[in-house]
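Remarks on the overall topology
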Amino acid sequence: MPVTLFIKKFLFLIPLIALVLCEKTRFDNYVLYKVLVENDQHYRILVDLKNNNFKYDIWNDHISLGRYVDIMSSPEDKAELEKLFQKYELKYEIANENIQEVIDKENAIIKTYTRSNIRSMEWNAYYTLDHIYGWLDDVAAAYPNVASIVIAGKSYEGRDIKGLKISHGPGRRVIFIESGIHAREWISMTSACYVINELLISNNTQAHAAAQDYDWYIFPVTNPDGYVYSHEQNRLWRKSRRPIGNNFGVDLNRNWNSNWLVVGASTNPQSLTYAGPGPFSEPETRALSNFIRSIGDKIDLYLSVHSFGQYLLVPFGNSTGAYANYYDAVNIGRRAMGALAVRYGTLYQTGNIAEVLYLATGGSDEWVKEHVRVPLVYCVELRDRGLNGFLLPEDEILPNNQEYMDGVLELIYQAERFGYMNSGSRIHISMFILLITFFISFL
Ligand SMILES: [Zn+2]
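Residues numbered from 1 in each chain as written. Predicted model: local features only at pLDDT ≥ 70, side-chain atom pairs only at ≥ 80, totals over all residues. Heavy atoms only, no water.

**Looking at the packing of helix 6 (residues 129-142) against helix 9 (residues 224-232)**
We apply this condition: Axis definition: a line fitted to C-alpha atoms, over the contacting stretch in the case of helices. Angles run 0 to 180 degrees between N-to-C directions. In this text, helices come from DSSP runs of H or I with a minimum length of four residues, and strands from runs of E with a minimum of two, each type numbered from the N-terminal end. Put simply, angles under 35 degrees are roughly parallel, angles over 145 are roughly antiparallel, angles from 65 to 115 are roughly perpendicular, and the rest are oblique. Contact definition: two residues touch when any of their heavy atoms are within 4.5 Å. Each residue is assigned to one class: nonpolar for Ala, Val, Leu, Ile, Met, Phe, Trp, Tyr, Cys and Pro, charged for Asp, Glu, Lys and Arg, and polar for all the others, Gly among them.
As a packed pair, helix 6 and helix 9 sit with axes 9 Å apart at the nearest point and diverge in direction by 130°. Classified by the angle between their axes, helix 6 and helix 9 sit oblique to one another. Residue-level contacts link Leu129, Ile132 and Tyr133 of helix 6 to Pro224, Tyr227 and Val228 of helix 9. Tallied by class, residues from the contact of helix 6 with helix 9 come to six nonpolar, no polar and no charged.

Written as structure tokens, this is what we have:
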């Protein structure tokens, strides 16, 4: 048989092969357990499970005594897991018996953004990378004197790491928001877009004042390859997408060059917290850190935004000396989380060493604090506390974003009160007063 005829004969197989290769990962009958951490032994067992057993997906980044841990198991592996719970007397409940059902439901709220209509973005929905980036471009075009697109660099698969800069003029201090470094934490991407909306498009006067007072750099999706993959292939994908042997991806929030691989990260590429072959081994963390460093001396407040757990975490909780403003940072954070709770009663825990026991190093927050020496650095874990986890439903998206914005504005207010931030406009006013006093003294 001639080669061309042979190829033609099997041409029909190509779409079938493509279908098989592109089929989304399904989570039919995957079970989500909520397990209570009652004592030190429970804590050690769960941390060991997270770091060394790749059969199960432990959704929490922070394991604390007295709190629940969410563990997802395939139907095949759940009997073994329940046996472990029984052996160590771990109390558990089943939060969900079929994760795929929740994912199917969520598909209905993945919306399409209509280009050139920035107000049409909906705040009880999720959007793909293309739609988020299209919206950012349109916001920059709609506010050409104030907003501009900034590109920190490219991802492994060649996508832009795109952010928006908001600036009402030179001389202002910087607030930096980095979201979406973990692909499956979709609420963190929408929260960043919501902040942009409040600063520029909404009629939130307090937010508009904050936009006037500071330069804002907001990156909604700092792991674009992972985010695309979480939409197209595997909703619960966390890492980047660089191939490492037979595995894919690095936990980009364990890859920063600050206490790299010291605790809470893995050397095994199979692990969800694989820290990469070396610090800053990944193009995404290299690009972002270089960009942050380039404006580092101007940054007063840095937020690394994740989900879930409802935490506001301050790096270096166990350290004094060089990080002597730790107690101020916690104080400012607690007050801000008080303001966050006003709207819907949502409680956040502001982290210190006594409360948040599971440490993880190599994150962006630690690097920004240690190497860029930004005075106020927080890692935010948005809603919820584990009932829906990464699959935050439609009716919680907008409330989450509203209360988060309340918290951000209060963070700024409290930081100013504690003397940590000096807004641009207020610097101008104080300079003006200084000049007047100077001239009066000569009269
Ligand atoms: Zn995260």
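Okay, back to it.
**Quick look at the coordination of the zinc ion**
This is how it is decided: Water is not among the atoms examined, so metal sites may look incomplete; donors are the N, O and S atoms within 2.8 Å of the metal, or within 3.2 Å for Na, K and Ca. In this scheme the shape depends on donor count and angles: four donors with every angle between 85 and 135 degrees give tetrahedral, four or six donors with opposite pairs above 155 degrees and others between 65 and 115 give square planar or octahedral in turn, and any other case is irregular. Throughout, exposure labels follow a simple rule: accessible area from a 1.4 Å probe, protein chains only, divided by the maximum for the residue type, with under 20% read as buried, over 50% as exposed, and the rest as partly exposed.
For the zinc ion, the full set of protein donor atoms is His182 (ND1), Glu185 (OE), Glu185 (OE) and His306 (ND1), at a range of 2.1 to 2.4 Å. Taken together, the four donor atoms surrounding the zinc ion define angles of 57 to 148° at the centre, an arrangement classified as irregular. You can call His182 buried: its relative accessible area is 0%.

**Overview of the nonpolar core**
One broad trend across soluble globular proteins is that nonpolar side chains are buried collectively. This is how the line gets drawn: The definition of a nonpolar core used throughout is a set of buried Ala, Val, Leu, Ile, Met, Phe, Trp, Tyr and Cys residues joined through side-chain atoms within 4.5 Å.
Of all hydrophobic cores here, the largest spans 69 residues; its most connected members are Trp135, Leu199, Trp216, Leu303 and Tyr378. It is helix 7 (residues 186-201) that contributes the most residues to this core, 11 residues altogether. Ignoring sequence-local partners within four residues, the contact set of Leu199 consists of Ile166, Ala207, His208, Ala210, Ala211, Trp216, Ile218 and Met405. In terms of nonpolar packing, the next biggest core, distinct from the first, is built from 23 residues, Ala152, Trp256, Tyr302 and Val368 among them.

**What about the UniProt feature "coiled-coil region" (unreviewed entry) in the chain?**
Operational definition: UniProt positions are given in the numbering used here, feature names are shortened, and annotations may be inferred rather than shown by experiment.
In the numbering adopted here, UniProt assigns the feature "coiled-coil region" (unreviewed entry) to residues 78-105. Between the end C-alpha atoms of residues 78-105 there is a gap of 24 Å, over a span that is 61% helix and 18% strand.

**Details of the sheet that holds strand 1 (residues 31-36)**
The line we're drawing: Strand pairing requires that DSSP identify at least two bridges connecting the strands.
Pairing in this open sheet of four strands is antiparallel, and the strands run 2-3-1-4 from one edge to the other. Both outer strands of the open sheet, strand 2 (57-58) and strand 4 (92-96), are each paired with one neighbouring strand and no more. In this sheet, strand 3 (residues 68-73) lies alongside strand 1 in antiparallel orientation, the contact comprising six bridges. In the strand pairing of strand 3, Lys34 is matched with Asp70. With respect to the sheet, helix 4 (residues 78-87) is in contact with strand 1, strand 3 and strand 4, its orientation differing from that of strand 1 by roughly 10°.

**Some points on the side chain of Asp300**
Within the element layout of this structure, Asp300 appears in strand 11 (residues 299-307). A residue is classified by how much of its surface remains accessible, and Asp300, at 4% relative accessible area, is buried. Among residues more than four places away in sequence, those in contact with Asp300 are Arg173, Val174, Val374, Pro375, Leu376, Tyr420, Met421 and Asn422.

**Section: the pairing of strand 14 (residues 376-382)**
Most of strand 14 sits inside the fold, with seven of its seven residues counted as buried. Here strand 14 shows two buried faces, one formed by Leu376, Tyr378, Val380 and Leu382 and the other by Val377, Cys379 and Glu381. With seven bridges joining them, strand 11 and strand 14 adopt parallel strand pairing. Following the sheet pairing, Val305 is matched in strand 14 by Val380. As judged from the three bridges shared by strand 12 (residues 311-313) and strand 14, these two strands associate in the antiparallel manner. Paired with Leu312 across the bridge in strand 14 is Val380.

**Describing the packing of aromatic side chains**
Worth spelling out the cut-off: Pairing of aromatic rings covers Phe, Tyr and Trp, the last counted by its six-membered ring, and requires centre-to-centre distances within 6.5 Å; plane angles under 30 degrees mean stacked, over 60 mean edge-to-face, and any other angle means tilted. Lysine and arginine charges are scored as sitting over a ring when NZ or CZ, respectively, is within 6 Å of the ring centre and within 35 degrees of the ring normal.
Tallied over the full model, the rule gives 22 aromatic pairs. Each ring, one from Phe27 and one from Tyr30, has its centre 5.1 Å from the other, and the planes form 80°; the classification is edge-to-face. The exposure class assigned to Phe27 is buried, which follows from its relative accessible area of 6%. A relative accessible area of 23% places Tyr30 in the partly exposed class. An aromatic cluster is present here, built from Phe176, Tyr217, Phe219, Phe291 and Tyr302 joined pairwise through their rings. The lysine or arginine in question, Arg241, covers the ring of Tyr229, its NZ or CZ lying 3.5 Å from the ring centre. If you follow Arg241 out to its NZ or CZ, it ends over the ring of Trp237, 4.7 Å from the centre.

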